[in-house]
Amino acid sequence: MRDTPYGIAWVHLQTNGSDPGAAADPPRIGQNIGALDGTVFDDPAKPKLWVHGIASRRLNESTTVHVTASLYAVAAGAPDWTGGTLVDSTVVDTNLANLNEGDPGSIAELAFGLDLDNAAAQTAHPGGDYWLVLANTMAGDGTGSQLHLDRISAQTGDVTDPGPIIPPTPPINPADQVAGDLILFNDNGGWCWYQDERVLVDRDTDDIVVASVANYLGYGGEPRDGDMDVTTFNPSTGKRTLVTLGTVPTLNKGDDHNVAALWQRPDGRYFAKHTGHNYGAGYNVTADWGADNVPRSFYRTTTLPNDGSAWDAEQAFTWPENGTFEDDVTYTNLHYMSAEGSGQGRLYNIARADDRTPHIAWSDDLGATWNYGGRLSTTTSTSTYSNGYFVFSGNGVDRIDFMCTERHPHDFNNSIYHGYIRAGKSYDSFGNVIDGDIFDGVAPAPADFTPVWTTSAVTSTSYHHGWTMEIEVIDGGIYGLFTTRYGTASTQGQSGDADHRLFYARCDGSIWHTHELCRMGDGLHTGQRDYTGLGSIHPNDPSLIYISAEHDPRDDTALPKHEIFKGVTDDQGATWTWTPVTENSTVDNLRPMIPKWRQGSTALLWLRGDYPYQRDYDQSPVGIIERSDEEAAPVTYFDATLANTSLADGSPLVTTGPTATDGAADGQWHLHTGLGNGDSAFTVNEAGSESARALKTTVTGLEEGTYDVYAYFWSRPGEDWRIRAGFTTSELLVFRRYSCQQAEPSQFDSPVAVLDSQQALYRAYVGRRSVSAGSVIDVYLDDFDGSAVAGAQRTVYDGIGVARVLPVLEVDAGAQLTLPSDSGPYASILNAGSLVIKGTADLEVAGTFTNDGFLDLLNYTGSLPAGFVNNGSVLNRDNADLTASIRLDGEEGTITVPGYAGHSYQLQSSTTLQSGEWQDVGDALTSGGNNGVPIPLQSIIPEAMLTDSPRFFRFVVD
């Protein structure tokens, strides 16, 4: 084998010119091309085997090419053609016109036909195979000759040469991969990072509540620009409830700085508060609340607890205007302190108000009315864009921590500082009072608080121009993320703005430690040269973070798009192990965040799409949910066909086609063949803008249980194919290539086509459904709408997938649990404590059942799962102490039995051993034994029973 100048690997056949036997036994190569009894060779209309290929020779050899081609019939399974029957042979002579030093890769095309004689071949070798053999039969000249062959193809045909086979175009490369189920929360939305909380998890229902701001570049266009949305997502059903709270009337409505902050009141109702970007600066589009140069914040509360579908009327709070410059307001940060206030706790809102410094407003009636409090920090400059950028974290009781800068990094070389608020005062990191009264209007500067990281002068190797990102207080520890510029490389006009670095900060109670984590890349856009993809610390685990970066933190490789990575540290931030959450993305993944949730559950959300500017973006809030108490099985795919798919109202679906060409713009679904799984897909909007009626695909034959449900559609790279999907026609969400993940073969329980030469299969997470008593799952689908761009925004619907969701059972060390054997199935079981299984049914576990503790099978008669691994101890009927003793003492008697924890022991008596004639004696006994160590239990035998003869006793163990 050798590489040609064209990068191709060639078969190399060399003769030895000095060998007199070379002509009789030339070098050959052969290939089994198919079974004699196959349909390929049985067509009498195709009596010829046509072969094509290319050939070349070694430099400075003769320009002639001499190839002998032979077709053999051989016995089935023969390792080669020797011993076979020659069916036909031909000699191919051609010439390399320009074989010379200046053209070392001159190529000759080979084309020849061989006669097929299938009847004779079958007679000679019934059930055998054909072999095609090519030999170098060029005459030796004393030095030998070299023949190079490549791209050999063969096909049956008539007596006319059909021409060479054109190799199929290879599949496109995989892209848009996500580790987990990518969930679309809202089909148009963005957020900034100086508002909290933008996402919350309902502490009672586990619903995920997401605030975002729509933009005119996203789905819905100009009519949705600036919509202040709150989406409630129910993980148990996948239902999304979207409510638009209003549109902030600023110059740029669709500005991600306008996003609301959320809070869940003690009574379970949701509270949302928002303002515009520099609201009150005099450029408002409307003046619904009076003069358009007055700084205001707006707020609403849901009418019912744990329900984001209905909100009360919007109200406004007006901020005072007494600064020396810029009397406007931006950002909302809501933090509740239950230990303050006048009985209902105190809710704080910290916003950037006059003088562009952080100001405080507070409410002692759960957000119903508001009062102005004062400044958190003071003005340090009137020639800067902003006096400090603050991020906050509250403990919900009596403390709000913050991390801040002096100013905006585009006009100041910031350091990073930390402080906190408690009982109306502000403190540095170590409890020293910085401001004795945060409500008196006199405030310290950001630099008066504790330095977390101190900047350096700008040099080619220095870190400078810090900017805050996030702060978390976890189990009393304080942790933060911030960025700096590095060096002097510039793409947007300021030193270092081409290279941002991410830092992790940790306070140990006496000092701050900071560690550089990775490169974050260039600024996101020219208007904000210090915007990066950002990152988030897990609010339950400071050793776990998620970041968005355009450099792979594992090896510093530059990436085409911002990707999400998971980072884990086991040395308090000094070093990190990184794994990708997204890979090979065709759009950016930005601004990850993690809301507070219970231990073992994580909701990771981020923005997916294009972000040219803070007021011009096409993004969708997406995310993945990880729960330690459940696990989904591989996806079972159901191809959409006319048998399982109808119109949404149940009437038959009548399509155009089937054809292998695009359907006409006629308002009907088209059955496009040669595309998708099952060799067909339902398509709309291929040749022109149209709107077809909604569909319904019904999935049947499922076992009882809970299932995650997916809709599958195709899209080409660079185009924005899309589909609407949902469980009802009134709740269809638009799923686009931008906001979905590509399907991967490993996600399915059987082979499914996910890539072809032009497009890729994408999956849309529709939600979750329960199946019982033979019920079905109906999924409703629709195309985009009549305004879609023909071709580039088409709908190519392929099918539905379902994945059964099973619980994961974990018994912690020191815990005890009794489990009925028919309570499964489970995804897996891990027992590190004490687990008692009772029942006769086999315990169903799809994965592994690992016992690292004590397992009691005393009252279990079923079989253990195939995946059972025992690293602990097991109690069963073979090794349990089941002996009982009886003692008679005059007129009294006692029976003693070993008692194991988790079981009850009922003494019974009978005068016969016949079944059904036993009666209880006294009350059932329970044991306090532990982990297989029994404690003796005693029952008293009544005196009357001692006089009966005979008398039998037994213990019934539960």
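Overview of the structure. These numbers were taken from a predicted model, which means no experiment stands behind them.

## Comments concerning the overall build of the protein chain
No. 1: The helix and strand tally for the protein chain stands at 2 helices and 69 strands.
No. 2: Computed over C-alpha atoms, the radius of gyration of the protein chain comes to 37 Å, more than 25% over the 30 Å expected from 2.2 N^0.38 for 958 residues, which places it beyond the range of a compact globule.
No. 3: Counting over 958 residues, the protein chain shows a buried share of 55%.
No. 4: Across the protein chain, every contact between residues at least 6 apart in sequence was considered, and the portion connecting residues at least 24 apart equals 60%.
No. 5: Put simply, the protein chain shows about 37900 Å² of open surface, and 49% of that area lies on carbon and sulfur atoms.

## Focus on the sheet that holds strand 64 (residues 892–899)
No. 1: If you walk across this open sheet you meet the 3 strands as 63-64-68, and the pairing is antiparallel. Every other strand in the sheet has two partners, leaving strand 63 (885–889) and strand 68 (935–941) as the edge strands with one partner each. For this sheet, the mean inter-axis angle between neighbouring strands, taken without regard to orientation, is 25 degrees.
No. 2: Examined bridge by bridge, strand 63 and strand 64 share 5 bridges and lie antiparallel to one another. Paired with Asp-889 across the bridge in strand 64 is Glu-892.

## Topic: the pairing of strand 53 (residues 760–771)
No. 1: Burial of strand 53 is extensive: 10 of the 12 residues sit out of reach of the surface.
No. 2: Across 11 bridges, the pairing between strand 49 (residues 705–715) and strand 53 is antiparallel. Directly across from Asp-708, in strand 53, lies its bridge partner Arg-768.

## Remarks on the layout of surface pockets
No. 1: A volume near 1000 Å³ is recorded for the largest pocket.
No. 2: Taken together, 46 residues make up the lining of the largest pocket; nearest its centre are Glu-197, Gly-394, Gly-396, Pro-595 and Lys-596.
No. 3: Examining the composition of the lining of the largest pocket, we find that 6 residues originate from one element, strand 30 (residues 463–474), more than from any other.
No. 4: Looking at the lining of the largest pocket residue by residue, the classes come out as 22 nonpolar, 11 polar and 13 charged.
No. 5: Taken together, 24 residues form the lining of the second largest pocket, with Gly-180, Asp-181, Ile-625, Ala-632 and Asp-708 sitting closest to its centre.
No. 6: Of all elements in the fold, only strand 41 (616–627), strand 42 (630–632), strand 49, strand 53 and strand 55 (795–811) reach the threshold of two or more residues within the lining of the second largest pocket.
No. 7: A total of 4 residues in the lining of the second largest pocket trace back to one element, the largest contributor, which is strand 41.
No. 8: Residues belonging to the lining of the second largest pocket are distributed by class as follows: 14 nonpolar, 2 polar and 8 charged.

Basis of the calculations
Residues numbered from 1 in each chain as written. Predicted model: local features only at pLDDT ≥ 70, side-chain atom pairs only at ≥ 80, totals over all residues. Heavy atoms only, no water. Helix = DSSP H or I, 4+ residues; strand = E, 2+ residues; numbered from the N terminus. Rg over C-alpha atoms; globule rule 2.2 N^0.38 Å. Buried < 20%, exposed > 50% of the residue type's maximum accessible area, 1.4 Å probe, protein only. Contact = heavy atoms within 4.5 Å. Areas by Shrake-Rupley, 256 points an atom, 1.4 Å probe, with all protein chains shown as cover. Pairing = 2+ DSSP bridges. Axes fitted to C-alpha atoms, helices over the stretch in contact; angles between N-to-C directions. 1 Å grid on protein atoms, 1.4 Å probe; cavity = no way out; pocket = protein on both sides within 12 Å on 5 of 7 lines; lining within 4 Å. Points joined across faces, edges and corners; volume = space filled by probe spheres on them. Nonpolar A, V, L, I, M, F, W, Y, C, P; charged D, E, K, R; others polar.

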